[in-house]
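What follows is each chain in one-letter form.
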Amino acid sequence: LLATDGSAHSEAALRRAADLGMQCGLPVSVVSVVAPSHGEERRAAARQAVDSAVATLKAQGIAADGTVAEGRPDEVIVAQAKAQADLIVLGSHGRTGLLGVLLGSVSERVIGAADCAVLVAITTAG
């Protein structure tokens, strides 16, 4: 399961998921999560991020599907993985320590809650 928000961090995660999908011959499901309060512009951006990731994976010969789901990102990602995945791949900005604790981190919450392996592609990009 690849979690994406269309950011540079998610692009790094997409590259890792594509590498694994090709090496293992496995499909990749892509999810982007929006909050109930998000407007149409944010929902459209999430759909674009999913569609772009799915297209990239398919162009590399990887079976892929995607969805935009609503809820709290970490909870949705973990629930999706429980239903269909052995591995969660997501990106992170690489913040650690006090700053990471203060800001909260979807990747940290996913790692803590997931019943499966989690691969975090850490970047320092914007």
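To be clear, the structure that these remarks concern was listed above.
Each value, and the rule that gives it
Residues numbered from 1 in each chain as written. Predicted model: local features only at pLDDT ≥ 70, side-chain atom pairs only at ≥ 80, totals over all residues. Heavy atoms only, no water. 1 Å grid on protein atoms, 1.4 Å probe; cavity = no way out; pocket = protein on both sides within 12 Å on 5 of 7 lines; lining within 4 Å. Points joined across faces, edges and corners; volume = space filled by probe spheres on them. Nonpolar A, V, L, I, M, F, W, Y, C, P; charged D, E, K, R; others polar. Helix = DSSP H or I, 4+ residues; strand = E, 2+ residues; numbered from the N terminus. Buried < 20%, exposed > 50% of the residue type's maximum accessible area, 1.4 Å probe, protein only. Contact = heavy atoms within 4.5 Å. Salt bridge = Lys/Arg side-chain N within 4 Å of Asp/Glu carboxyl O.

> Sorry if this is basic, but what is going on with empty space enclosed by the protein here?
A water-sized probe rolled over the atoms picks out the places where empty space is left. Across all of its chains, the model carries one cavity of 30 Å³ or more by this definition. Estimated volume of the largest cavity: approximately 30 Å³. If you go around the largest cavity, the residues you meet are Thr-4, Gly-6, Glu-11, Leu-14, Ala-49, Ser-52 and Ala-53. Of the residues belonging to the lining of the largest cavity, the class tally is three nonpolar, three polar and one charged.

> Explain the environment of Val-33 here, please?
Positionally, Val-33 belongs in strand β2 (residues 28-34). Under the relative-accessibility criterion, Val-33 is labelled buried at 10%. With 41 residues separating them along the chain, Val-33 and Asp-74 place their C-alpha atoms 8.9 Å apart. In contact with Val-33, not counting residues within four places along its chain, are Arg-42, Ala-69, Glu-70, Gly-71, Arg-72, Pro-73, Val-76 and Ile-77.

> Explanation requested: the pattern of salt bridges in the structure shown.
Pairing is possible between side chains of opposite charge, provided their charged atoms come close. Under the counting rule described, the total for this entry stands at seven salt bridges. Note that Glu-70 and Arg-43 form a salt bridge whose closest N and O atoms lie 2.8 Å from each other. Residue Glu-70 is found in strand β3 (residues 64-70), and its partner Arg-43 is found in helix α2 (residues 40-59); the two are separated by 27 residues along the sequence. For Arg-109, the salt bridge identified is with Asp-74, shortest N-O distance 3.4 Å. Note that Arg-109 is positioned in helix α5 (residues 106-113) and Asp-74 in helix α3 (residues 73-84), a separation of 35 residues in sequence. Given the relative accessible area of 34%, Arg-109 is considered partly exposed. Using a relative accessible area of 6% as the deciding quantity, one classes Asp-74 as buried.

The quantities given are spatial measurements derived from coordinates; they are silent on function.
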